[in-house]
Amino acid sequence: MESSTILTADILDIIFEGRNKAYGAYDLRRTYGRRLTVSIAVMLSVSLLLGIGFVFAGEKKQKVTQVILPPDLELKNINEERPEPPPPPPPLKQPEVKVQMTQFTPPRIIRDEDVKEDEKPPEVDKLEDTRIATYNQEGVKDQDIVAPPIDAGTTGVIVAPKKDDDDIDKTFTKVEIESDYPGGFSAWKRFLERNLRFSQEAMDNQIQGTVVVQFIVDRDGNVSDVQAVSGPPEHYAEAVRVIKKSGKWTPAIQNGRQVKSIKKQPIIFRLETEG
C-alpha cells in the first residue's frame, strides 16, 4: 500500500494488506457493526412483542375472572347458627338395695357369764345367705354367696399338713444352700495357712495339686466320714487331717431347715518357689 493512501485507508485494509481477503475473516470484521445493530434491533423487537403479549394476556384473564353482578343483586354473608344438641339424659339411679349382714368378729376366750347376748357369734346356718360384716343389718338375702363344697365322709375341717420328720436323719447330696466353713472363704484360707503342712515325701518330689475331700456335715455342724476322693495320693493323709481338725461347720439348708448333707471340699497343695 502506498504511503499516500495510508491516511485515507480503512484500518481493516491496512491489517489485511497482502493477505487473502476472500477467506472470510475480512468480511466478518467489515460487517461486524451492521450485524451487531441488526441483532440488537431484533432482540428489542422480540422483547417488546413479549411484553405486549403479557399485558394483553393479563387483561384478558382479569376480564374473564371478573363477575358482573346486576345492580339490584346484593350478596350477604349469612352465618347459619346450628342449634346445640340437647344434653344426654342423666343415668338412671338404681334403687339402693340393702343386703342382710351379720356381725361376725374374731372370737375371744372369756367366761360364759361375761358374754353379752348381742356379742354371741351367729349360728353357721345364718351365715349361708348373708354377708359377714362387723355390724348387723336387716335386708334381702344375698344370693351370690356360694359355699365351698364339702366332700362326703369328711367333716369339712382343714387340717394343717404335718411336718415330714423323715428328713431329719436323711443325708442330702443336693441342697439349696450348701454347708460352709464358719466365716466364709477368707476364714477357711486363714485356717489352711496356719494348719496345712507338706509331707517330706511331697516336698522332696515337688508334688503339687488339688485334693478333693468328701465328708458329712450333720444338722449340728459336726464333721464325720472324712475321706479323700481325688488328687495326688501323697497329700491324702494331710488333707483328711486338716478337715478333721477344722471343727464345726455351718450346716446345709433345705426347705428352710438345717439338714445333714455331703460336702466336697477342695484343698490346694502348692509349693512356693523362691525368687
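Each remark here, short or long, concerns the structure printed above.
What this report covers is the structure whose coordinates are included nearby. All values reported here derive from a predicted model rather than from experimental measurement.

**Remarks on the packing of aromatic side chains**
Aromatic ring pairs are defined here through the distance separating the ring centres and the angle between the ring planes.
Part 1 of the argument: Overall, the coordinates contain seven aromatic pairs when judged by the stated rule.
Part 2 of the argument: Note on tryptophan 188 and phenylalanine 191: the rings are 5.7 Å apart at their centroids and 25° apart in plane angle, and the pair reads as stacked. Of this pair, tryptophan 188 and phenylalanine 191 both sit in helix H5 (residues 184-195), three residues apart, which is roughly one turn of the helix.

**What to know about helix H7 (residues 236-245)**
Part 1 of the argument: Those residues of H7 that fall on the buried side of the exposure criterion are Glu238, Ala239, Val240, Val242 and Ile243.
Part 2 of the argument: Two residues or fewer past H7, glycine 247 is found with a positive phi of approximately 85°.

**With respect to the packing of H5 against H7**
Part 1 of the argument: Between H5 and H7, the shortest axis-to-axis distance is 11 Å and the interhelical angle comes to 125°. Judged by the inter-axis angle, H5 sits oblique to H7. In the packing of H5 onto H7, the handedness of the crossing is right-handed. On H7, the residues touching Trp188, Phe191, Leu192 and Asn195 of H5 are Glu238, Arg241, Val242, Ile243 and Lys245.
Part 2 of the argument: Of the residues in the contact of H5 with H7, the class split is five nonpolar, one polar and three charged.

**Focus: the pairing of strand S4 (residues 209-217)**
Part 1 of the argument: Judged from the nine bridges that link them, S4 and strand S7 (residues 257-269) form a sheet pairing that is antiparallel. Bridged to valine 217 within S7 is serine 261.
Part 2 of the argument: Both S4 and strand S5 (residues 223-230) contribute to a ladder of five bridges, which runs antiparallel. Its bridge partner being in S5, isoleucine 216 is matched across the sheet by serine 224.
Part 3 of the argument: In this structure, the hairpin formed by S4 and S5 is closed by a connection of five residues, where glycine 221 is found at a positive phi of approximately 95°.

What counts as what
Residues numbered from 1 in each chain as written. Predicted model: local features only at pLDDT ≥ 70, side-chain atom pairs only at ≥ 80, totals over all residues. Heavy atoms only, no water. Phe/Tyr/Trp six-rings, centres within 6.5 Å; stacked < 30°, edge-to-face > 60°. Helix = DSSP H or I, 4+ residues; strand = E, 2+ residues; numbered from the N terminus. Buried < 20%, exposed > 50% of the residue type's maximum accessible area, 1.4 Å probe, protein only. Axes fitted to C-alpha atoms, helices over the stretch in contact; angles between N-to-C directions. Parallel < 35°, antiparallel > 145°, perpendicular 65-115°, else oblique. Left-handed = near helix turned anticlockwise from the far one by under 90°. Contact = heavy atoms within 4.5 Å. Nonpolar A, V, L, I, M, F, W, Y, C, P; charged D, E, K, R; others polar. Pairing = 2+ DSSP bridges.

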